[in-house]
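Inside the fold
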2 protein chains.
Amino acid sequence: MAFKYPGGRIYRTNETNQSVRPFQAHYGNRGMTLEEDLNATNEYYREQGIAVIHKKPTPIQIVRVDYPKRSAAVIKEAYFKQASTTDYNGVYRGKYIDFEAKETKNKTSFPLKNFHEHQIHHMEQVMRHGGICFVILRFTTLNEVYLLDAHHLIAYWQKQQAGGRKSIPKRDIEQHGHYIALGYQPRIDYISVVEKVYFSH
Amino acid sequence: MAFKYPGGRIYRTNETNQSVRPFQAHYGNRGMTLEEDLNATNEYYREQGIAVIHKKPTPIQIVRVDYPKRSAAVIKEAYFKQASTTDYNGVYRGKYIDFEAKETKNKTSFPLKNFHEHQIHHMEQVMRHGGICFVILRFTTLNEVYLLDAHHLIAYWQKQQAGGRKSIPKRDIEQHGHYIALGYQPRIDYISVVEKVYFSH
């Protein structure tokens, strides 16, 4: 949902408002953000009883709230905060599922600057506690989406910290990650990949 | 963290800001909200490598954002949204943990109006997928805290829908739930109860 405000800039909220933009209009993923596609996918999973996974709300630091008479409280001053965790989590077959989703316009590599230290630290913690943790990476220009287990991402992150390259080569993502087929419903069927990668032993 | 704004009303944010109110000052739980106690408890669990559980950010519908030159984006108009899930989730011993926490000043029963239909529906879904789901209930006046498995809450909720009572008697919470000992660190040690109730078979 996009808002244009007096300054002329468009602000796109992180919460998809399905009632404003009907689903049918999105067929073919034209212009949909990765987040919108994943929200629709998660909604499908919940409706079909496949998994219960939600995007966490965007963290906001609230400074000032007005309480007008006879109407809802209005937040008048607030700021975006850095997320301390990944954006998505939930349950599939009793197991804890946790992931971050990012997209790039690059065609040959995925820049590590899309992730923050807090998130990497969170992923390490989740893995230590036996959770299933990964990233969903979209190459927007190519319209290709991959699931990459967090331990690969963390390995690249650590190499970068030691002076290594600032991105993951796409060929490495193809090799260590898993291609996710795109469809109409679900749009990004990452759970079928999770099933294959983490549950088929 | 409390803000007083010109209208004279105090707004208490949902995100505890540890840097503003130092931890030491809270000893004895005097005046701490259940949320603040649980945030401190979860921080302790993460630091000690016991579990990775976070409170989700408060869901906000953002309407207008200003982008001043040379400073951070400011949210100028936003509204609180109804949460579609419970407030807390994470991972313990590989399993998905999900709960809601509420407090009451009542002494003999816990009012069901503290929960929303969305949250009850979410709890049902989580249980169907094998997640561990419960509520943490605090009787503020008595300073007693209980863990009650979600299936008990849902049973009372359904009875209420069918015209039954609008609260859970405290004696039923004592019988079906589990008393959580209060301490200094962790303040509300619910994970030791989770271990006993869900993992000791």
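Residues numbered from 1 in each chain as written. Chains lettered and ligands numbered in written order. Predicted model: local features only at pLDDT ≥ 70, side-chain atom pairs only at ≥ 80, totals over all residues. Heavy atoms only, no water.

For clarity, the threshold we go by: UniProt positions are given in the numbering used here, feature names are shortened, and annotations may be inferred rather than shown by experiment.
Chain A carries the name Holliday junction resolvase RecU in an unreviewed UniProt entry, which gives Parageobacillus caldoxylosilyticus NBRC 107762 as its organism. Heading Subcellular location (unreviewed entry) of the UniProt record for chain A holds this comment: "Cytoplasm". For chain A, the Function (unreviewed entry) comment in UniProt is given as "Endonuclease that resolves Holliday junction intermediates in genetic recombination. Cleaves mobile four-strand junctions by introducing symmetrical nicks in paired strands. Promotes annealing of linear ssDNA with homologous dsDNA. Required for DNA repair, homologous recombination and chromosome segregation."

**Focus on the side chain of D98 of chain A**
Residue and element names in this part refer to chain A. Our working definition: Only runs of H or I of at least four residues qualify as helices and only runs of E of at least two qualify as strands under DSSP, and these elements are numbered from the N terminus. In protein, a polar contact requires one atom able to donate a hydrogen and another able to accept it; more generally it is a pair of N or O atoms within 3.5 Å, and residues adjacent in sequence count only if both atoms are side-chain atoms. Contacts are assigned to residue pairs that have any heavy atoms within 4.5 Å of one another.
Position of D98 relative to the elements: it lies in strand β7 (residues 95-104). Within the structure, D98 has its side chain in polar contact with the side chain of T86 (distance 2.4 Å). Contact partners of D98, with chain neighbours within four places excluded, come to T86, Y88, N89, H122, V126, I132, C133 and F134.

**Details of the interface of chain A and chain B**
We apply this condition: Buried area adds together the accessible area that both of two parts lose upon being put together, with accessible area traced by a 1.4 Å probe. In what follows, salt bridge is the name for a side-chain nitrogen of Lys or Arg lying within 4 Å of a carboxyl oxygen of Asp or Glu. Residues are grouped as follows: nonpolar covers Ala, Val, Leu, Ile, Met, Phe, Trp, Tyr, Cys and Pro; charged covers Asp, Glu, Lys and Arg; every other residue, Gly included, is treated as polar.
Counting residues at the interface gives 49 residues for chain A and 50 residues for chain B. With both sides pooled, the region where chain A packs onto chain B buries about 4,300 Å², and carbon together with sulfur makes up 64% of that total. Across the contact surface, chain A and chain B share zero salt bridges. Among the residues making up the side of chain A that touches chain B, the classes are represented as 23 nonpolar, 15 polar and eleven charged.

**Digging into the pattern of salt bridges**
Residue and element names in this part refer to chain A. For the structure shown, the criterion picks out 16 salt bridges over all chains. E100 is the partner of K102 in a salt bridge, and the nearest nitrogen-oxygen pair spans 3.8 Å. Three or more residues joined by partner-sharing salt bridges are found here, namely D37, E103, R138 and R187.

**Concerning the confidence of the model for chain A**
Inclusion rule: Summary of the metric used: pLDDT quantifies the predictor's per-residue confidence within the range 0 to 100.
This prediction gives chain A a mean pLDDT of 88; 85% of its residues lie at or above 70. In this model, residues 1-29 of chain A is a region of pLDDT below 50 whose contacts with residues beyond four sequence positions or in other chains number 62 contacts.

**A few points about the packing of helix α2 (residues 117-128) of chain B against helix α3 (residues 150-161) of chain B**
Residues and elements named next belong to chain B. The condition is simple: Every angle, taken between N-to-C directions, lies between 0 and 180 degrees, and every axis is a line fitted to C-alpha atoms, over only the stretch in contact when it is a helix. By the definition adopted for this analysis, an angle is roughly parallel if under 35 degrees, roughly antiparallel if over 145, roughly perpendicular if from 65 to 115, and oblique otherwise. Each crossing gets its hand from how the near helix is turned against the far one by less than a right angle, where anticlockwise is left-handed and clockwise is right-handed.
Across the interface, α2 lies against α3 with an axial gap of 10 Å and an inter-helix angle of 135 degrees. As the angle between them shows, α2 and α3 are arranged oblique. Considering how the two elements wind past one another, α2 and α3 form a crossing that is left-handed. Across the interface between the two elements, E117, I120, M123, E124 and M127 of α2 pack against A150, H151, L153, I154, W157, Q158 and Q161 of α3. The class makeup of the residues in the contact of α2 with α3 is seven nonpolar, three polar and two charged.

**Structural notes on helix α1 (residues 34-47) of chain B**
Residue and element names in this part refer to chain B. For clarity, the threshold we go by: Here a helix's expected span is defined as the number of its residues, less one, multiplied by 1.5 Å. Residue exposure (1.4 Å probe, protein chains only): buried if accessible area is under 20% of the type maximum, exposed if over 50%, otherwise partly exposed.
Spanning 14 residues, α1 covers 20 Å between terminal C-alpha atoms, matching the ideal 20 Å at 1.5 Å per step. Burial analysis of α1 places eleven of its 14 residues in the buried class, which makes it a mostly covered element. Every buried residue of α1 is accounted for by L34, E35, E36, D37, L38, N39, A40, T41, N42, Y44 and Y45.

**Quick look at the sheet that holds strand β4 (residues 60-66) of chain A**
Where we set the bar: Two strands make a pair as long as DSSP finds a minimum of two bridges between them.
In space, the four strands of this open sheet follow the order β4(A)-β5(A)-β5(B)-β4(B), with antiparallel pairing throughout. Two strands in the sheet have a free side with no partner beyond their single neighbour: β4 of chain A together with β4 (60-66) of chain B. For this sheet, the mean inter-axis angle between neighbouring strands, taken without regard to orientation, is 30 degrees. One ladder, built from two bridges, connects strand β5 (residues 74-80) of chain A with strand β5 (residues 74-80) of chain B; its direction is antiparallel. Looking across to β5 of chain B, one finds that A78 of chain A is bridged to I75 of chain B.

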